[in-house]
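Residues per chain are reported as follows:
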Amino acid sequence: MAKTSDSTLNVSCRLKELRTQKKMTQSELAGLAGIKRQAVYDIETGRYLPNTGVALAMAQILGCRVEDIFYQTPDQARDVVLVDKEFAWGQRVNIAKVRERHFAYPLVGTHARMEDMGAADALLEPCQSRAKVLMSEERVASTALLLGCDPAFSVLGHRVRETPGHAGLNVRFASSQTAVTRVALGQAHIAGTHMHARGDDDGNKCLATQKMKNISGVLIAFSSFEEGLLVAPGNPKGIKGVADLARRDVRLANREEGAALRSLLDDLLKEGRIPAAAILGYEYLVHSHAQGAQAVCHHVCDVALGLRAVAVTYGLDFIPLSHVRCDLVIPSDLMTHPGVATALDIIQTRAFREELACLPGYETSDTGRIVAEL
């Protein structure tokens, strides 16, 4: 074992992550590798680096390569393009390398991550045009960014990160229009969209065709789910549908323009000849399903737009309005990106479709199907 020194300070260790994935304790790994449990602890905390023999033994036990356990963290900064500048309250960012350019996405604010406080990929410098990358260039280059608002994207992100090797998938919340626009601009790898159909027109295909224009790509079905109105448990206001939103005792939490649910609401209001001005709270905006659910939970409003799965998560009642398909929009030249390719392989598996189907209001008969070529 070698104690870390100035020459090895930029070596990072994933031993704890890989050991945990194998459901193995420190003692069990130590016994198999022929070292003490304290040695495993010291390696995982960065106090020591093992010699070549121990490193090879641990890699064999964990079924991976030595470089999957230990990797050199670049110490130099990168030129980055900061996206969502209004949310750049701190230094912690995710990095998306798209076609040789590095985009930095803040890890704070309403659009930060789907599920939790994730680990940063890089730290912004004060100028906000450079960032110190905290992971290997290979991992940066192999990690895809998916923008969208289907909560199940988080499940896909976890499954990609569990696969051996460097492939990764970061997931960030964005409305359908924002997601597709940013993929078209080359700022992300995958966009999720769930625009509802208008007559015979497929909403997702129409949006992708409009935004992608001269960019070839593919539209792949990811999931289908119920969307509608989130209301308090027991539905105390007796809300039955969109028409009840015009009542003076009902306050709405709306979504921003560009969100698929906002588009659905506006179309239903138009069909019902209900003016937006008649709805209390039409101008009060939340920027995610979770924000809408929290607004209902805390009695800021009586009803919000969202998914059945979100309603169940927050213990709310749900009034269905539509069943919609959520698709992935991917440029053709990014299909072979390691993170993208791994994600596509996973959604084709029976195990993933079965897991997705367990989410309230979800259906997976189309999952993995190519809907259209753009």
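Each value, and the rule that gives it
- Residues numbered from 1 in each chain as written.
- Predicted model: local features only at pLDDT ≥ 70, side-chain atom pairs only at ≥ 80, totals over all residues.
- Heavy atoms only, no water.
- Salt bridge = Lys/Arg side-chain N within 4 Å of Asp/Glu carboxyl O.
- Buried < 20%, exposed > 50% of the residue type's maximum accessible area, 1.4 Å probe, protein only.
- Axes fitted to C-alpha atoms, helices over the stretch in contact; angles between N-to-C directions.
- Helix = DSSP H or I, 4+ residues; strand = E, 2+ residues; numbered from the N terminus.
- Left-handed = near helix turned anticlockwise from the far one by under 90°.
- Contact = heavy atoms within 4.5 Å.
- pLDDT = per-residue confidence, 0-100.
- Polar contact = N/O pair within 3.5 Å; in protein donor to acceptor, adjacent residues only side chain to side chain.
- Phe/Tyr/Trp six-rings, centres within 6.5 Å; stacked < 30°, edge-to-face > 60°.
- Lys NZ or Arg CZ within 6 Å of the ring centre and 35° of its normal.

A.B. asks: Give me the pattern of salt bridges: which residues, what numbers.
C.D. replies: Applying the stated criterion across every chain, the model contains 23 salt bridges. In this structure, Arg-14 and Glu-17 form a salt bridge, with 2.8 Å as the shortest nitrogen-oxygen distance. Across the pair Arg-130 and Glu-125 runs a salt bridge whose closest N-O atoms are separated by 4.0 Å. Note on Arg-130: relative accessible area 29%, which makes it partly exposed. One continuous salt-bridge network, built from bridges that share partners, spans Arg-65, Glu-67 and Asp-68.

A.B. asks: Could you give an account of the packing of helix H8 (residues 176–184) against helix H9 (residues 203–212), with specific residues and numbers?
C.D. replies: Close contact between H8 and H9 brings their axes to 9 Å; oriented N to C, the two are set at 35°. As for how H8 packs across H9, the hand of that crossing is right-handed. Within the contact between the two elements, H8 uses Ser-176, Gln-177, Val-180, Thr-181, Val-183 and Ala-184 and H9 uses Leu-207, Ala-208, Lys-211 and Met-212.

A.B. asks: Can you tell me about unusual backbone geometry, naming the residues and giving the values?
C.D. replies: Of note, the phi angle at Lys-23 is positive, near 55°, even though the residue is not glycine. Its place among the elements puts Lys-23 in the loop between helix H1 (15–21) and helix H2 (26–33). On the basis of relative accessible area, Lys-23 is assigned to the exposed category, the value being 75%. Positive phi values are uncommon outside glycine, yet Arg-99 reaches one of about 50°. Tracing the chain through its elements places Arg-99 in the loop between strand E7 (92–98) and strand E8 (101–106).

A.B. asks: Requested: an account of the confidence of the model for the protein, with residues and values cited.
C.D. replies: The predicted structure's coordinates, where accompanied by low pLDDT, should not be read in detail. For the protein, the mean per-residue pLDDT works out to 88, and 92% of the residues sit at or above 70. Under a pLDDT of 50 for its full length, residues 1–8 has, in the predicted model, 15 contacts with residues more than four places off or in other chains.

A.B. asks: Please provide a residue-by-residue account of the environment of Thr-178, values included.
C.D. replies: As for its position among the elements, Thr-178 is in helix H8. What makes Thr-178 partly exposed here is its relative accessible area of 30%. In this structure, the C-alpha to C-alpha distance between Thr-178 and Thr-193, residues 15 residues apart in sequence, is 9.4 Å.

A.B. asks: Give me the lowdown on the side chain of Asn-170, citing residues and values where you can.
C.D. replies: Tracing the chain through its elements places Asn-170 in strand E12 (residues 168–173). Of note is the side chain of Asn-170, whose polar atom sits 3.1 Å from the side chain of Asp-121.

A.B. asks: Kindly report on the packing of aromatic side chains, identifying the contributing residues and their values.
C.D. replies: Counted according to the given criterion, the structure contains three aromatic pairs. Residues Phe-153 and Phe-222 carry aromatic rings whose centres are separated by 4.9 Å and whose planes lie at 50° to one another, so their mutual orientation is tilted. With Phe-153 in helix H7 (residues 153–162) and Phe-222 in strand E14 (residues 217–231), this pair connects stretches of sequence that are 69 residues apart. Ring geometry for Phe-222 against Phe-352: centres 6.0 Å apart, planes inclined by 50°, an arrangement best described as tilted. Remark: Phe-352 occurs in helix H14 (residues 350–357) and Phe-222 occurs in strand E14; sequence separation between them is 130 residues. Phe-352 carries the same exposure label as Phe-222, and that label is buried. Taken together, the ring pairs in this structure connect Phe-153, Phe-222 and Phe-352 into an aromatic cluster. The lysine or arginine in question, Arg-251, covers the ring of Tyr-284, its NZ or CZ lying 5.4 Å from the ring centre.

A.B. asks: Explain the environment of Asn-170 residue by residue, including any values.
C.D. replies: A residue is classified by how much of its surface remains accessible, and Asn-170, at 9% relative accessible area, is buried. Between the C-alpha atoms of Asn-170 and Val-160, which are ten residues apart in sequence, the distance is 9.3 Å.

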